[in-house]
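# Observations on the model geometry
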Amino acid sequence: MTGVAEDIAFRRPVEADHARLVELVDEWWGGRRMRLLLPRLWLQHFTGTSWIAERADGRVAGFLVGFISQDHPDTAYVHMVATNPNGRRSGLGRELYERFVDDVRGRGVARVKAVTWPGNRVSVAFHTSIGFRIDEGLGTQRLYGTPAYADYDGDGEDRVVFIRDL
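Notes on the structure in this doc start here.

So, how was this worked out
- Residues numbered from 1 in each chain as written.
- Predicted model: local features only at pLDDT ≥ 70, side-chain atom pairs only at ≥ 80, totals over all residues.
- Heavy atoms only, no water.
- Buried < 20%, exposed > 50% of the residue type's maximum accessible area, 1.4 Å probe, protein only.
- Helix = DSSP H or I, 4+ residues; strand = E, 2+ residues; numbered from the N terminus.
- Contact = heavy atoms within 4.5 Å.
- Arc of directions from axis to C-beta.
- Pairing = 2+ DSSP bridges.
- Salt bridge = Lys/Arg side-chain N within 4 Å of Asp/Glu carboxyl O.

## Structural notes on helix H1 (residues 18–28)
Within H1, the full set of buried residues consists of His 18, Leu 21, Val 22, Leu 24, Val 25, Asp 26 and Trp 28. Buried residues along H1 sit in contact with helix H2 (42–45), strand E2 (51–55), strand E3 (60–68) and strand E4 (75–83). Backbone geometry just after H1 places Gly 30 at a positive phi near 65°.

Here it is in structure tokens:
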């Protein structure tokens, strides 16, 4: 454990967690409409490499949804990681990632990827602090002061691509 509060328990998500999680993501992202990025299918098909962190009273403290690529089995991808803003800087996000890395490393994965919006300075700082490097490949440009791909996920949907070699 990495300094995470002792009253936190980790478990695999189940489909029944969906309603709780989508209610939290918009709040935890400062009111941005994020729930559409977490459809129910994530909790139907990707639970074996995903995690929920809960407090002793049952409140969700954080979660991570990720998977191993079918087309590139040496690569895993974290689709979404979130922690309650009131519990940030506690090591919880790092612990969720380490649990994911342990899961996928044991299955032959050599690298983990993730993306974020380049204006999300908290996410950029978090990912680089836990060992991710920013992809500065062909086509990147400095957006919000960070190397990123313009229109990565469509018109106006710029993304920083993170890579962590295992």
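The rest of the description comes next.
## Examining helix H4 (residues 121–129)
If you check which residues of H4 are buried, you get Ser 123, Val 124 and His 127. The buried residues of H4 occupy one face: seen down the axis, they fall within an arc of 100°. Every exposed residue of H4 that faces more than 90 degrees away from the buried side is listed here: Arg 121 and Val 122. Summarising the contacts, the buried residues of H4 are in contact with E4, helix H3 (92–105), strand E5 (111–116), strand E6 (133–134), strand E8 (146–149) and strand E9 (160–165). Taken from the residues just after H4, Gly 131 is the one with a positive phi, measuring 100°.

## Quick word on the environment of Thr 47
For Thr 47, the location among the structural elements is in the loop between H2 and E2. Between the C-alpha atoms of Thr 47 and Val 22, which are 25 residues apart in sequence, the distance is 16 Å.

## Focus on the sheet that holds E3
The strand order across the open sheet built from seven strands is E1-E2-E3-E4-E5-E9-E6, with neighbouring strands paired in mixed fashion. The sheet is open, and its two borders are formed by strand E1 (8–11) and E6, each paired with just one other strand. Looking at chain direction, E6 and E9 are connected through two bridges and run antiparallel. Bridge pairing in E9 links Ile 134 to Phe 162.

## Brief notes about the pattern of salt bridges
Applying the stated criterion across every chain, the model contains 18 salt bridges. Residues Arg 11 and Glu 54 are paired through a salt bridge, measuring 3.0 Å at the closest nitrogen-oxygen approach. One end of the pair, Arg 11, is in strand E1; the other, Glu 54, is in strand E2, and 43 residues separate them in sequence. Between Asp 103 and Arg 12 there is a salt bridge, with the nearest N and O atoms lying 2.7 Å from each other.

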